[in-house]
Amino acid sequence: MTLDPEDSKIITLARSARARNGSREGAAVRDETGRTYSATNVALDALTLSAVQVAAAMAISSGAQSLEAAALVTEGDGPSEADAAVVGELGGKLLVAGPDGRLRG
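Fair warning: this is a prediction, and the values are worked out from it, not measured in the lab.

Asker: I'd like to hear about the sheet that holds strand 5 (residues 67–74), residue by residue, with values.
Answerer: Spatial ordering of the open sheet is given by 2-1-5-6, a layout of 4 strands whose pairing is mixed. Each of the sheet's edge strands pairs with one partner strand only, and the pair in question is strand 2 (36–40) and strand 6 (93–97). Within the sheet, the average angular offset between the axes of one strand and its neighbour, ignoring direction, is 15 degrees. Of the strand pairs in this sheet, strand 1 (residues 25–31) and strand 5 are connected by 7 bridges, and their pairing is antiparallel. Considered in strand 5, the bridge of Ala28 is made with Ala71. Relative to strand 1, helix 1 (residues 5–21) is tilted by about 145 degrees, and along the sheet it contacts strand 1, strand 2, strand 5 and strand 6.

Asker: Tell me about the side chain of Thr40, and please be specific about residues and values.
Answerer: Among the structural elements, Thr40 can be located in strand 2. Polar contacts involving the side chain of Thr40 include one to the side chain of Asn21, which spans 3.3 Å. A polar atom in the side chain of Thr40 sits 3.5 Å from the side chain of Ser23.

Asker: Account for the packing of helix 2 (residues 51–61) against helix 3 (residues 81–89), naming residues and giving values.
Answerer: Orientation of helix 2 relative to helix 3, taken along the N-to-C sense of each, is 25 degrees, at an axis distance of 9 Å. It follows from the interaxial angle that helix 2 and helix 3 lie roughly parallel. Crossing hand, helix 2 versus helix 3: left-handed. For the pair formed by helix 2 and helix 3, the contact residues are Val52, Gln53 and Ala56 on the first element and Ala82, Asp83, Val86 and Val87 on the second.

Here is what the cut-offs are and how they apply
Residues numbered from 1 in each chain as written. Predicted model: local features only at pLDDT ≥ 70, side-chain atom pairs only at ≥ 80, totals over all residues. Heavy atoms only, no water. Pairing = 2+ DSSP bridges. Helix = DSSP H or I, 4+ residues; strand = E, 2+ residues; numbered from the N terminus. Axes fitted to C-alpha atoms, helices over the stretch in contact; angles between N-to-C directions. Contact = heavy atoms within 4.5 Å. Polar contact = N/O pair within 3.5 Å; in protein donor to acceptor, adjacent residues only side chain to side chain. Parallel < 35°, antiparallel > 145°, perpendicular 65-115°, else oblique. Left-handed = near helix turned anticlockwise from the far one by under 90°.

This is the structure in structure tokens:
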């Protein structure tokens, strides 16, 4: 499967965030203006957020009205229902890849 270069970019950003922090998940989103945001999951006693949730929150708090795409890089099975719902509500597509960057599904 050939990816759009912009989709490849957010997968690379998600992989980089995950590797940099040694996190379980990395995610990156692209908003309607082309701005990108990358994040990792947060796992504190007082706060637990997926990487997709953090990246989407960063975009929204920066003024994004919608998402064109989101990428999740994980060793796990795939996105949670909550991740899919967040991306769906913001109108974007959700790409899921393994740590090697290969798309799943």
